Amino acid sequence: MRTFRDWLSPIVFFSNNLISLAGVVVVTAAAVTWLVFLPITLRSGSVHPYVGIVVYLLLPGIFIGGLLLIPLGIYLRRRGMRKRGELPAHFEPIDPRNPELRKLFGFIAVTTFLNIVIASQLSYSSVRYMETPNFCGATCHVMKPEFAAYEVSAHSKVECVGCHVGPGASGFMRAKANGVRQVVHIVLNTYPRPIPEPLERLRPATETCESCHARRRFFGDRMRDLASYGTDEQNTLTHTVLMMHLGTGGPHSSGVHGAHLGEGVTLRYYASDDVRQNIPYVEYTSGGKMTVFAAPGAKPDPTKLRAMQCIDCHNRPAHTFQLPERAIDRAMSFGDISPTLPFAKKQGLEIVKQTYATGQEAGAKIPAAFEGYYRKTYPEIYAQRRDEVASSAKALLSIYQHNVFPEMKITWGTYPNNLGHTDFNGCFRCHDEQHASSDGKTITQDCSACHNVVASDEKNPKALVDLGLSPGAGK
Ligand code: HEC
Ligand code: HEC
Ligand code: HEC
Ligand code: HEC
Ligand code: HEC
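Computed from a prediction, not measured in an experiment: that's the story for all the values here. (Residues numbered from 1 in each chain as written. Chains lettered and ligands numbered in written order. Predicted model: local features only at pLDDT ≥ 70, side-chain atom pairs only at ≥ 80, totals over all residues. Heavy atoms only, no water.)

## Describing the pairing of strand E5 (residues 289-294)
Here is step 1: Where strand E4 (residues 281-286) and E5 come together, six bridges link them in antiparallel fashion. When the bridges of E5 are listed, Tyr284 appears paired with Thr291. (Pairing = 2+ DSSP bridges. Helix = DSSP H or I, 4+ residues; strand = E, 2+ residues; numbered from the N terminus.)

Written out as structure tokens, the structure reads:
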């Protein structure tokens, strides 16, 4: 009877071929790299999906590919020898004296050693790199729009994975699955443009926002000075001054934050669309009493109620895309677009709102159009302040490049911002005096519930003067 050893010895003999040995190299390399990555992915709570792709998809794939090479090489060598009539009649038995076996083990030992040396150089920092915004935003061109907006946000130092990858094992596996799906989409070029808002899949705000912003500290009142330039020749600067009632925390919570997230308050709502712009139904519990506010004809799906959290209002905390008016106001208040160039606001707006087929086309046409306007209409100003016109034109292009991405089908206002009510529905998704309770109470639209409008488009608001703030270019 043939023993296992008898059976193994021809395999050892035939495995001594280039293809099988290459398979051995691949298998050990994949295995060693996998082992190096594994503790890192298990240790840190938030791992970038692409690390997961490497660990759970790419390396196992390479490993199996290497494994398949080994029998392939054996098969080919055996067939070749048989064709040439070189098949040995007898194979060396499997024991330490077998030269083929010693060669094989020696080879595996050397490759494993070399792989460990190489893989250990694949240091922690390269894995960390994959978790950085740079990798998420800059390496992956699909995320370019978010990265561009993120760089100039209040959260430009909060890593993407901090908000986007769920905690614990389930969030981790889900991110892996998502990451894999994303890469497949990118390879097949079938990813959605624009990328939809992932509200469903975001980490709950209690684990993200609230790890830095304490809920009990609800920030009292906050003054906002919204500066805006006119479309007249002088780009006349006016101010809207709001006193925002953000409120207090604790048992007597009030104001914007307190009303929705204060102690003993829960607010659940139903949205009839994926991006949550239509909210026909709200359940509001405060002080142990629940009130239902429903818009006329509301048909809520009770399985789809969502508890309100920070990101229902602050839905663009990190990558806020701007509207052209506001972006230009901001650039003008920084002096990036010169507020003393006649009609700078009006011209800038017109140019930046045009449709350009590609980012490249915009890159050529926007500065040319802005400079062209001054060359033609104000030749004297153009001659004297050429650099100022050119740098303003560049700033205008930069506004476009941070907010419009034709390749991703992102244009002005593609992603609504829910913090407010003038640009998008925002607060007025609920605060529209249409959502009524059974006893006829509505969700208020009383302006002063949320803010006092201290000044509305005034050139020189008294309030700012009284506070000793020179009504300069606000923010
Ligand atoms: C402070 C938390 C936070 C950080 C940090 C953050 N995001 Fe987001 N991200 C969100 C929220 C909230 C949404 C959902 C937006 C919505 O519902 O309108 C979102 C949505 C997205 C979307 C879907 C498309 C869109 O714009 O709505 C992409 C893509 C995205 N983020 C990528 C990134 C990238 C890349 C980074 C790092 C450069 C990043 N995010 C950093 C909170 C964050
Ligand atoms: C890692 C800590 C961290 C996390 C997580 C975080 N923030 Fe912040 N946030 C900050 C810091 C620090 C600032 C102040 C930045 C500044 O003033 O430039 C800030 C500022 C803000 C501001 C004021 C922005 C402004 O323009 O004045 C808002 C609103 C805000 N965060 C909301 C959120 C929300 C909503 C989330 C969750 C989606 C969140 N933050 C997650 C640290 C964090
Ligand atoms: C009902 C909508 C809503 C919810 C929910 C909400 N906020 Fe706000 N938040 C606002 C508004 C409105 C402002 C004021 C914006 C302004 O001043 O322009 C604000 C301002 C802030 C600021 C800036 C405060 C300052 O002093 O500059 C921070 C930080 C902040 N919110 C964090 C949070 C966090 C964290 C949560 C979740 C625990 C949260 N918000 C939930 C509406 C909301
Ligand atoms: C999902 C629906 C919904 C959204 C969106 C929403 N709110 Fe509310 N809000 C409510 C409900 C419900 C109440 C409680 C109404 C009541 O008790 O009469 C409320 C109460 C308030 C109150 C207290 C009003 C009072 O009379 O004391 C303030 C202030 C407020 N909201 C501000 C805001 C701001 C600012 C935004 C946008 C950034 C906003 N809300 C977005 C549902 C919403
Ligand atoms: C449910 C709360 C709420 C109610 C009610 C409300 N506002 Fe506002 N309002 C906001 C928030 C939030 C902002 C955004 C502040 C910011 O830009 O950060 C805002 C912004 C504004 C702005 C500044 C717009 C700009 O240029 O950016 C004006 C003006 C304004 N509100 C007027 C009103 C008037 C008038 C009413 C009464 C009809 C009213 N609001 C009712 C919450 C409210």
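## A word on the sheet that holds strand E2 (residues 237-247)
Here is step 1: Taking strand neighbours across the sheet as the criterion, the three strands line up as E1-E2-E7 in an open arrangement whose pairing is antiparallel. In the strand order of this sheet, the two ends are held by strand E1 (220-229) and strand E7 (451-458), each with one partner. Each neighbouring strand pair of the sheet contributes to a mean axis angle of 15°, computed without reference to strand direction.
Here is step 2: Examined bridge by bridge, E2 and E7 share five bridges and lie antiparallel to one another. Residue pairing across strands places Met243 opposite Asn452, the latter belonging to E7. (Axes fitted to C-alpha atoms, helices over the stretch in contact; angles between N-to-C directions.)

## A look at the layout of surface pockets
Here is step 1: As a volume, the second largest pocket reaches approximately 250 Å³.
Here is step 2: Those elements giving two or more residues to the lining of the second largest pocket turn out to be helix H7 (144-150), helix H15 (359-377) and helix H17 (386-403).
Here is step 3: For the lining of the second largest pocket, the class distribution of residues is seven nonpolar, five polar and three charged.
Here is step 4: For the lining of the second largest pocket, the domains that each give at least three residues are domain 1 (1-202) and domain 3 (324-408). (1 Å grid on protein atoms, 1.4 Å probe; cavity = no way out; pocket = protein on both sides within 12 Å on 5 of 7 lines; lining within 4 Å. Points joined across faces, edges and corners; volume = space filled by probe spheres on them. Nonpolar A, V, L, I, M, F, W, Y, C, P; charged D, E, K, R; others polar. Domains from an automatic or database assignment.)

## A short note on the site of ligand 4
Here is step 1: Around ligand 4 lies a shell of 20 residues, among which His260, Cys427, Cys430, His431 and Lys441 are the nearest.
Here is step 2: In the model, a nitrogen atom of ligand 4 is placed 2.7 Å from a nitrogen or oxygen of the His431 side chain.
Here is step 3: Side-chain polar atom of Lys441 to an oxygen atom of ligand 4: 2.9 Å apart, as the coordinates give it.
Here is step 4: Contributing elements (two or more residues each) for the shell around ligand 4: helix H11 (255-261), strand E3 (266-270), E4 and helix H18 (447-450).
Here is step 5: Counting residues per element, the shell around ligand 4 draws most heavily on H11, which supplies four residues.
Here is step 6: Among the residues forming the shell around ligand 4, the class breakdown is 14 nonpolar, four polar and two charged. (Near = heavy atom within 4 Å. Polar contact = N/O pair within 3.5 Å; in protein donor to acceptor, adjacent residues only side chain to side chain.)

## Quick notes on the sheet that holds E4
Here is step 1: Read from one edge to the other, the open sheet built from four strands follows the order E5-E4-E3-E6, with strand pairing classed as antiparallel. Strands at the two margins of the open sheet, each flanked by one partner only, are E5 and strand E6 (306-307).

## Observations regarding the site of ligand 2
Here is step 1: Near ligand 2 the following residues occur: Ala154, His155, Val158, Thr208, Cys209, Cys212, His213, Arg222, Cys310, Ile311, His314 and Pro317.
Here is step 2: Between His155 and ligand 2, the recorded distance is 2.7 Å, taken from a side-chain N or O atom to a nitrogen atom.
Here is step 3: In the model, a nitrogen atom of ligand 2 is placed 2.8 Å from a nitrogen or oxygen of the His213 side chain.
Here is step 4: Among the elements of the structure, helix H10 (209-212) and helix H12 (310-313) are those that each provide at least two residues to the shell around ligand 2.
Here is step 5: Looking at the shell around ligand 2 residue by residue, the classes come out as seven nonpolar, four polar and one charged.

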